[in-house]
Amino acid sequence: MLQTFKTTLLIFVALTLVTGVLYPLAITAAALGLFPDQARGSLVSAEGQVIGSKWIGQPTRDPRYFWMRPSAVDYAPLPSGATNLGLTSEVLISQMAARAAFWRETHPTQAAEDIPADLLSASASGLDPHISPAAARFQIERVAAARQLDAAQVAELVEAAIEPPQFGLLGQARVNVLLLNRALDALE
Amino acid sequence: MSTQEGLQIVLYIALLIAATPILGGYMARVFTGQRVILTPVLRPAENALYRLSGLDPQVEQSWRGYALALLMFNALGFAVLFALLVLQGQLPLNPEGWPGVPTWLAFNTTASFVTNTNWQAYAGEVTLSYLSQMLGLAVQNFLSAATGMAVLVALARGLARQSAATVGNFGVDATRAVLYVLLPLASLLAVVLVSQGVVQTLASYAEVTTLEGESQEIPVGPAASQVAIKQLGSNGGGFFNTNSAHPLENPTSLSNFLQMLSLLLIPAALTFTYGRLVGSLRQGWAIFAVMLVLFCAGLAIMLVAEYEAAPATTELAALEGKETRLGIGNSVLWAMATTSASNGSVNAMHSSLSPAAGGVALFNIMLGEVIFGGVGAGLYGMLIFVVLAVFISGLMVGRTPEYLGKKIEAHEVKLVIIAVLLPSACILLGAAAASVYDQALASRANAGPHGLSEILYAFSSASQNNGSAFAGFNANTDFYNIVLGLCMLIGRFGVILPMLAVAGSLAAKKRIPPSAGTLPTDGPLFVAVLLAVVVVVGGLTFFPALALGPIAEQLLLNAGRTF
């Protein structure tokens with residue numbers, strides 16, 4: 001019994017050191033060596049200033065920028081979160097109605113039936129950096145008007161920002177809002 | 001569903017089937033000590049570990065000795081992880097300065113990670129230091145996965161050997177699982193994940209100023225190394241609160257696809273390993289076929305439920321709790337895979353799935369995580385149903401039940417029934433107790449039948465060691481931390497110990513040569529019988545509970561009722 005305990009203890013310690021010290025340190029070294037930007041959070045800069053992470057959405061309210069999906073944590077990443085409301089929830093229905101009203105009021109030139117589904121629903125992480133291409137196109141007129149730009153110019157930027165499914169097969173087409181907004185700023 | 005999304009699903013299933021014999025064959029050679037491609041690099045390390053710990057790899061253990069070593073190993077893991085969490089405030093690698101984890105939450109988290117559940121009643125990025133994640137949680141991710149694989153291999157030896165007194169050496173099996181299988185795969189996956197954007201750094205969180213001039217704190221950490229083993233080892237515990245829905249834990253569609261594939265990779269391959277170890281590849285494929293049928297059936301129901309949402313409002317709500325880059329198809333596929341696999345990671349919020357889809361997820365868990373299941377645990381869970389199926393079939397035709405030449409007698413059946421009853425009892429009795437105790441009811445985030453589903457899901461997830469949740473549920477209360485922690489321990493060791501006893505009892509039996517009266521267990525008829533046994537046993541046990549929860553909710557949703 002004691003012998004079993006001794007052997008088990010030592011094997012446990014050995015495997016703990018291998019998986020808990022050697023492994024993560026090796027991976028961290030490899031990560032920082034091979035993919036330093038990604039390992040550190042894919043931080044994005046504009047005019048020499050860090051303006052955020054490519055993968056973390058930001059709260060946007062200025063009509064001169066493209067806006068993000070609804071978020072249960074309003075894009076404050078600590079912690080990430082979702083509404084976790086079920087489809088029979090009255091709270092969810094009233095939240096969606098409020099979101100629909102918001103998008104209608106701020107985009108009077110667009111038809112109410114055209115509001116894309118992703119703009120009416122909160123994301124799973126609360127930090128979703130993407131919107132669908134339809135959601136981006138929905139906002140073109142409002143952004144162009146706020147910046148006094150030609151809508152066609154803004155539309156061009158949007159089309160350039162659409163990322164297709166990876167390898168043409170995996171996932172959904174998406175638009176990274178931060179990168180799109182940064183490109184918008186660079187226009188001026 | 002678009003053609004492209006359908007193609008993704010087909011590709012996923014095709015890759016899973018293709019990888020099974022390759023990885024399965026490799027693992028069979030690993031566990032029988034034969035040479036494999038990594039032997040030149042890893043054999044010296046393996047031998048060094050044995051020398052350092054005084055372990056003689058030639059010495060084998062009876063099922064009791066094996067179980068004792070396993071329990072000691074897990075108990076040590078429990079003690080160390082608990083200490084790391086509670087003393088977190090005084091330990092290094094804590095750049096954000098998180099204090100020690102409160103006692104009952106630490107108990108719950110420890111029980112959770114040691115049992116391969118990875119139920120998380122906390123939000124990682126605001127609770128745990130890097131040291132706790134790396135040296136505590138990730139280590140248990142490896143070791144609990146190794147434990148599961150070891151039990152499966154011991155059980156396979158019990159079937160393969162005859163008149164034998166031993167079932168293997170736990171230390172050897174666990175070491176081989178870690179060194180030859182988990183570490184290489186995890187290392188490869190981790191680096192690929194970093195290339196896609198998963199963070200891997202020990203620096204503190206990044207403070208940035210957003211485009212509109214507000215400040216935002218971006219959480220980082222050694223996530224990729226942990227995410228890799230979280231998926232491969234059927235663990236599921238995310239680095240961040242929203243698990244693989246979090247863009248820094250699962251940024252691109254490729255990272256998503258690889259994480260999803262890793263979810264079922266080892267569990268599926270182990271069916272082939274099992275077939276090799278017991279000397280009948282057909283047997284392994286027969287079990288794989290049962291699992292694949294259940295997987296495809298559940299997936300089909302979930303896809304229909306999510307794409308054909310009933311009232312008009314729910315069509316627009318189909319993206320609630322889902323990420324744009326992933327979409328509905330990938331969220332549903334992951335939800336099916338993770339609840340089949342005892343993994344429990346998520347890339348969408350299960351609570352916001354349609355009631356039918358959420359109900360399928362819940363039913364998968366309740367069945368006992370046997371649809372591929374956890375590494376090792378899924379297959380020995382399915383073998384419970386195999387023994388039951390053989391037993392019931394034998395009764396029906398009036399023959400002595402036998403499996404792979406071993407007689408299945410009252411002793412084995414009793415053990416197997418204990419293994420089925422214990423987790424099921426935890427689910428039903430626990431959920432029943434919670435549904436009449438006001439303080440427990442207060443944790444619900446949704447009104448109506450969805451609230452009951454939240455409670456059912458919590459107890460099912462804990463007792464069957466899944467770890468996912470209907471995440472609006474406030475599980476961080478003393479009641480749930482303690483009770484769910486106990487459910488996890490009972491659900492795990494209440495199945496492992498009976499199965500090791502079965503292994504020992506089978507190992508000691510003589511093998512009977514097949515005769516005209518032997519029921520074949522590797523043909524289409526047995527596949528059908530096994531499917532029926534799994535669905536009927538699971539259905540009978542849980543149908544009443546499901547009727548009050550997800551089924552009622554879906555019917556009421558279709559009728560336009562809200563709560």
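These numbers come from a predicted model, not from an experiment.

Before going further, it helps to spend a moment on the packing of aromatic side chains. Residue and element names in this part refer to chain B. By the definition in use, this model includes 22 aromatic pairs over all chains. Residues Trp-285 and Phe-288 carry aromatic rings whose centres are separated by 5.2 Å and whose planes lie at 80 degrees to one another, so their mutual orientation is edge-to-face. Taken together, the positions of Trp-285 and Phe-288, both in helix 9 (residues 281–307) and three residues apart, correspond to about one turn of that helix. A ring pair is formed by Phe-295 and Phe-372, whose centres lie 6.1 Å apart and whose planes are at 65 degrees; its orientation type is edge-to-face. Residue Phe-295 is located in helix 9, and its partner Phe-372 is located in the loop between helix 12 (355–366) and helix 13 (377–397); the two are separated by 77 residues in the primary sequence. One exposure class covers both Phe-295 and Phe-372, and it is buried. Grouping aromatic residues by their ring pairs yields a cluster made of Phe-272, Trp-285, Phe-288, Phe-295 and Phe-372.

All names here are of chain B. Assigned domains of chain B: these are domain 1 (26–207 + 217–279) and domain 2 (378–558). Measuring from the centre of the C-alpha atoms in domain 1 to the corresponding centre in domain 2 gives 24 Å. Each partner contributes residues to the interface: domain 1 has 40 residues there, and domain 2 has 41 residues. The contact between domain 1 and domain 2 buries some 3,400 Å² in all, and 72% of this surface belongs to carbon and sulfur atoms. At the boundary of domain 1 with domain 2, the tally comes to zero salt bridges. Seen at the junction of domain 1 and domain 2, the total is 14 residue pairs in polar contact (both at pLDDT 80 or more). At the level of elements, helix 3 (63–86), helix 4 (103–114), helix 5 (130–160) and helix 8 (253–277) are the ones that each hand at least two residues to the side of domain 1 that touches domain 2. The element that contributes the greatest number of residues to the side of domain 1 that touches domain 2 is helix 5, accounting for ten residues. Counted by class, the side of domain 1 that touches domain 2 contains 23 nonpolar, 16 polar and one charged residues.

Core analysis: the largest hydrophobic core is formed by 199 residues, its most contacted members being Tyr-12, Met-27, Met-149, Phe-295 and Phe-372 of chain B. Broken down by element, the residue count for this core peaks at 16 residues, all from helix 5 of chain B. If we skip the residues at most four places from it in the chain, Met-149 of chain B touches Met-27, Phe-31, Ala-177, Val-181, Leu-182, Ile-266, Leu-270, Val-375 and Gly-376 of chain B. Judged by nonpolar contacts, the second largest core, of 31 residues, contains Met-96 and Val-175 of chain A together with Ala-317 and Leu-557 of chain B.

It is worth spelling out the packing of helix 12 of chain B against helix 18 (residues 524–558) of chain B at this point. Residues and elements named next belong to chain B. Viewed as axis vectors pointing N to C, helix 12 and helix 18 meet at an angle of 160 degrees, and their least axial separation amounts to 9 Å. Comparing the axis directions of helix 12 and helix 18 gives the class roughly antiparallel. Seen from above, helix 12 lies across helix 18 with right-handed handedness. Facing Pro-355, Ala-356, Gly-359, Leu-362, Phe-363 and Met-366 of helix 12, the residues of helix 18 in contact are Val-535, Gly-538, Gly-539, Phe-542, Leu-546, Pro-550, Glu-553, Gln-554 and Leu-557. Tallied by class, residues from the contact of helix 12 with helix 18 come to ten nonpolar, four polar and one charged.

Interfaces are often sized by the accessible area lost when the parts come together. Listed as interface residues are 94 residues of chain A and, on the opposing side, 99 residues of chain B. Linking chain A to chain B there are three salt bridges. Here Arg-61 of chain A and Glu-214 of chain B are joined by a salt bridge, their closest N and O atoms 3.7 Å apart. Counting every contact that joins chain A to chain B gives 42 residue pairs in polar contact (both at pLDDT 80 or more). Put simply, the parts of the chain that give the side of chain A that touches chain B at least two residues each are helix 1 (2–34), helix 2 (36–39), strand 2 (49–53), helix 3 (90–106), helix 4 (117–120), strand 3 (130–131) and helix 8 (177–187) of chain A. Top contributing element to the side of chain A that touches chain B by residue count: helix 1 of chain A, with 25 residues. For the side of chain A that touches chain B, the residue count by class is 49 nonpolar, 34 polar and eleven charged.

The rules behind each value
Residues numbered from 1 in each chain as written. Chains lettered and ligands numbered in written order. Predicted model: local features only at pLDDT ≥ 70, side-chain atom pairs only at ≥ 80, totals over all residues. Heavy atoms only, no water. Phe/Tyr/Trp six-rings, centres within 6.5 Å; stacked < 30°, edge-to-face > 60°. Helix = DSSP H or I, 4+ residues; strand = E, 2+ residues; numbered from the N terminus. Buried < 20%, exposed > 50% of the residue type's maximum accessible area, 1.4 Å probe, protein only. Domains from an automatic or database assignment. Contact = heavy atoms within 4.5 Å. Buried area = accessible area lost by both parts, 1.4 Å probe. Salt bridge = Lys/Arg side-chain N within 4 Å of Asp/Glu carboxyl O. Polar contact = N/O pair within 3.5 Å; in protein donor to acceptor, adjacent residues only side chain to side chain. Nonpolar A, V, L, I, M, F, W, Y, C, P; charged D, E, K, R; others polar. Core = buried A, V, L, I, M, F, W, Y, C linked by side-chain atoms within 4.5 Å. Axes fitted to C-alpha atoms, helices over the stretch in contact; angles between N-to-C directions. Parallel < 35°, antiparallel > 145°, perpendicular 65-115°, else oblique. Left-handed = near helix turned anticlockwise from the far one by under 90°.

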